[in-house]
Amino acid sequence: MTVDSADSTAAAQQARPPRKRAAAKKSSGTTEKSPGGPELIQLLTPEGKRVKNATYDRYVADVTDDELRGLYRDMVMTRRFDAEATALQRQGELGLWASLLGQEAAQIGSGRATREDDYVFPTYREHGVAWCRGVDPTNLLGMFRGVNHGGWDPNSNNFHLYTIVIGSQTLHATGYAMGVAKDGADSAVIAYFGDGASSQGDVLEAFNFGAVYNAPVVFFCQNNQWAISEPTERQMRAPLYQRAQGFGFPGVRVDGNDVLACLAVTRWALERARNGEGPTLVEAFTYRMGAHTTSDDPTKYRADEERQAWEAKDPILRLRAYLESRTDTGEEFFTDLDAESEALGKRVREVVRAMPDPGHLAIFENVYADGHALVDEERAQFAAYQASFADGEA
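Residues numbered from 1 in each chain as written. Predicted model: local features only at pLDDT ≥ 70, side-chain atom pairs only at ≥ 80, totals over all residues. Heavy atoms only, no water.

### Looking at the overall build of the chain
Along the backbone of the chain there are 13 helices and seven strands. Taken across its 394 residues, the chain has 53% of its residues classed as buried. A separation threshold of at least 6 residues defines the contact pool for the chain, and within that pool the share at least 24 residues apart is 73%. Accessible surface, the chain: about 17800 Å² in total, of which carbon and sulfur atoms supply 50%. (Helix = DSSP H or I, 4+ residues; strand = E, 2+ residues; numbered from the N terminus. Buried < 20%, exposed > 50% of the residue type's maximum accessible area, 1.4 Å probe, protein only. Contact = heavy atoms within 4.5 Å. Areas by Shrake-Rupley, 256 points an atom, 1.4 Å probe, with all protein chains shown as cover.)

### A closer look at the sheet that holds strand 3 (residues 217-223)
Strand order across the open sheet formed by five strands is 1-2-3-7-6, with parallel pairing between neighbours. Across the chains shown, the open sheet's two edge strands, defined by having one partner strand only, are strand 1 (119-121) and strand 6 (251-255). Adjacent strand axes in the sheet meet at a mean angle of 20°, parallel and antiparallel pairs treated alike. In this structure, strand 6 lies alongside strand 7 (residues 280-285), joined through five bridges in parallel fashion. Note that in strand 7 the partner of aspartate 255 across the bridge is phenylalanine 285. Running over the sheet, helix 3 (residues 104-113) touches strand 2 (189-194), strand 3 and strand 7 and is turned about 165° from strand 3. Set on the sheet, helix 9 (residues 259-274) makes contact with strand 2, strand 3, strand 6 and strand 7; between it and strand 6 the angle comes to about 160°. (Pairing = 2+ DSSP bridges. Axes fitted to C-alpha atoms, helices over the stretch in contact; angles between N-to-C directions.)

### Quick word on the nonpolar core
Membership of the largest hydrophobic core comes to 67 residues, with the highest contact counts inside it found for Leu141 and Leu319. A total of eleven residues in this core trace back to one element, the largest contributor, which is helix 9. Counting residues in each nonpolar core, the second largest holds 22 residues, with Phe121, Ala177, Phe193 and Leu240 among its members. (Core = buried A, V, L, I, M, F, W, Y, C linked by side-chain atoms within 4.5 Å.)

### Let's talk about the pairing of strand 7
Side-chain direction in a regular strand flips from residue to residue, so the side chains alternate between the two faces of the sheet. Most of strand 7 is tucked away: six of the six residues are buried. Burial of the side chains of strand 7 extends over both faces: Thr280, Val282 and Ala284 are buried on one face and Leu281, Glu283 and Phe285 on the other. In terms of strand pairing, strand 3 meets strand 7 through six bridges, oriented parallel. Directly across from glutamine 222, in strand 7, lies its bridge partner alanine 284. Note that the unit made of strand 6, helix 9 and strand 7 has a crossover that is right-handed. (Right-handed = clockwise from strand over helix to strand, strands pointing away.)

### Some points on the pattern of salt bridges
Taken as a whole and judged by the stated rule, the model has 27 salt bridges. One salt bridge connects aspartate 57 with arginine 50, and the closest N-O pair in it is separated by 3.0 Å. For aspartate 57, a relative accessible area of 17% translates into the label buried. For arginine 50, a relative accessible area of 24% corresponds to the partly exposed category. Among the ionic pairs, arginine 379 bridges to aspartate 376, the shortest N-O distance being 2.9 Å. Of this pair, arginine 379 and aspartate 376 are both found in helix 13 (residues 373-393), three residues apart, which corresponds to roughly one turn of the helix. (Salt bridge = Lys/Arg side-chain N within 4 Å of Asp/Glu carboxyl O.)

### Considering the packing of aromatic side chains
The relative placement of two aromatic rings is captured by the distance of their centres and the angle of their planes. Tallying each qualifying case throughout the model produces 27 aromatic pairs. Taking 5.7 Å as the distance between ring centres and 65° as the angle between the ring planes, the aromatic pair formed by phenylalanine 121 and tyrosine 176 counts as edge-to-face. Remark: tyrosine 176 occurs in helix 7 (residues 168-183) and phenylalanine 121 occurs in strand 1; sequence separation between them is 55 residues. Residue class for phenylalanine 121 comes out buried when judged on its relative accessible area of 3%. Given a relative accessible area of 36%, tyrosine 176 falls into the partly exposed group. Ring geometry for tyrosine 192 versus phenylalanine 220: centroids 5.2 Å apart, planes at 55°, classification tilted. Within this pair, whereas tyrosine 192 is found in strand 2, its partner phenylalanine 220 is found in strand 3, the two being separated by 28 residues in sequence. Given the relative accessible area of 0%, phenylalanine 220 is considered buried. By way of ring pairs, the aromatic residues Phe81, Trp97, Phe144, Trp152, Phe159 and Tyr162 are connected into one cluster. (Phe/Tyr/Trp six-rings, centres within 6.5 Å; stacked < 30°, edge-to-face > 60°.)

### Focus: unusual backbone geometry
Within the chain, asparagine 158 stands out as a residue other than glycine whose phi angle is a positive 50°. Locating asparagine 158 in the fold gives a position in the loop between helix 6 (154-157) and helix 7. According to the relative accessible area criterion, asparagine 158 is buried, its value standing at 17%.

### Things to note about the pairing of strand 2
Across the six residues of strand 2, five count as buried, placing the element largely inside the fold. In terms of strand pairing, strand 1 meets strand 2 through three bridges, oriented parallel. Its bridge partner lying in strand 2, phenylalanine 121 is registered against alanine 191. Alignment of strand 2 against strand 3, held across six bridges, turns out to be parallel. The residue of strand 3 that forms the bridge with alanine 191 is phenylalanine 219. For the handedness criterion, the β-α-β arrangement of strand 2, helix 8 (residues 201-212) and strand 3 is classed as right-handed.

### A short note on the environment of alanine 383
As for its position among the elements, alanine 383 is in helix 13. A residue is classified by how much of its surface remains accessible, and alanine 383, at 29% relative accessible area, is partly exposed. When the C-alpha atoms of alanine 383 and histidine 360 are compared, they prove to be 8.1 Å apart, with 23 residues separating the residues in sequence.

### Remarks on the side chain of serine 110
Along the chain, serine 110 turns up in helix 3. The exposure class of serine 110 is buried, given its relative accessible area of 0%. A polar contact is formed between the side chain of serine 110 and the backbone oxygen of alanine 106, at a distance of 2.7 Å. Setting aside chain neighbours within four positions, we find serine 110 in contact with Ala105, Tyr192, Phe220, Cys262 and Thr266. (Polar contact = N/O pair within 3.5 Å; in protein donor to acceptor, adjacent residues only side chain to side chain.)

Encoded structure:
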């Protein structure tokens, strides 16, 4: 077996959830407590049992069995893509990758809650949301391969380019939402960020502007417990979702490994925004199963037991258990989906390796709309530097 095929096989195994789950602590639905005490909004327990919620059930009452299977497919395909991207980075095909492993339910649930005319501002880890918005997964990889600055037209899918600067996209989202309100549109805006970003000044400024101007924006925080190597207890004294209270709008904590609950809560928050009721902070309480990025080693700062406890709450296994017990979903569906996900992995490998390298001077293009003397000078210096290699070979 070659190195490439071995890594791709490993990617497929990582992407495919285990058939048996570890023992999970029994959950009582909406009364389950997350660490620190606050109640989680939960519609599917870790064992795949449906629980009632008087507030949020109506937001998923129209979800059919086929749509549930669609949510499952979304999570499986996203995980397979993510695993292949990780393998490609390990093979030297990508410079870096930020995995979403474990956060599929938060992203797919919230992403499927959006309407086509809503606008999404992601960080650099929202691969599942991109999938929901119709962005070709291979377009996400150009930036990580270093061949472009994004790879897709944000206005084609109302999905903004990935944002590397931590937290800045929340201000962009708030400003965009203020514009939506002034235009009189009934669409909404959703901004994604992590628990670490919630400590950034940009995020708190966005909260304040969103509240004061009653902007139709949903702040969706994926609290995956670790801001690189910094645990949440070293970032904040109070539960994250409660920060919204200080700015005058509601905050809610949802089980981020429950795709149905994430769908319901995000639909509720987006409905508030469209009705002119202002911002909402949604804290999706989840867990980053892998490294922060492929340059990180999580074994240096967290225990294996912690990961194992969260493996018992796997979002894909949770929905599969529900599908197998409460719908007519047969084994054929899962088998066909495995084959489809493998085909996606193969396509991703082929497309990435075929991406053309940009011209050496392309980095200087489009820096300024009308050009700039300093950029022209730097371009000339770099061109001369490149030419020196050709002179040496001659």
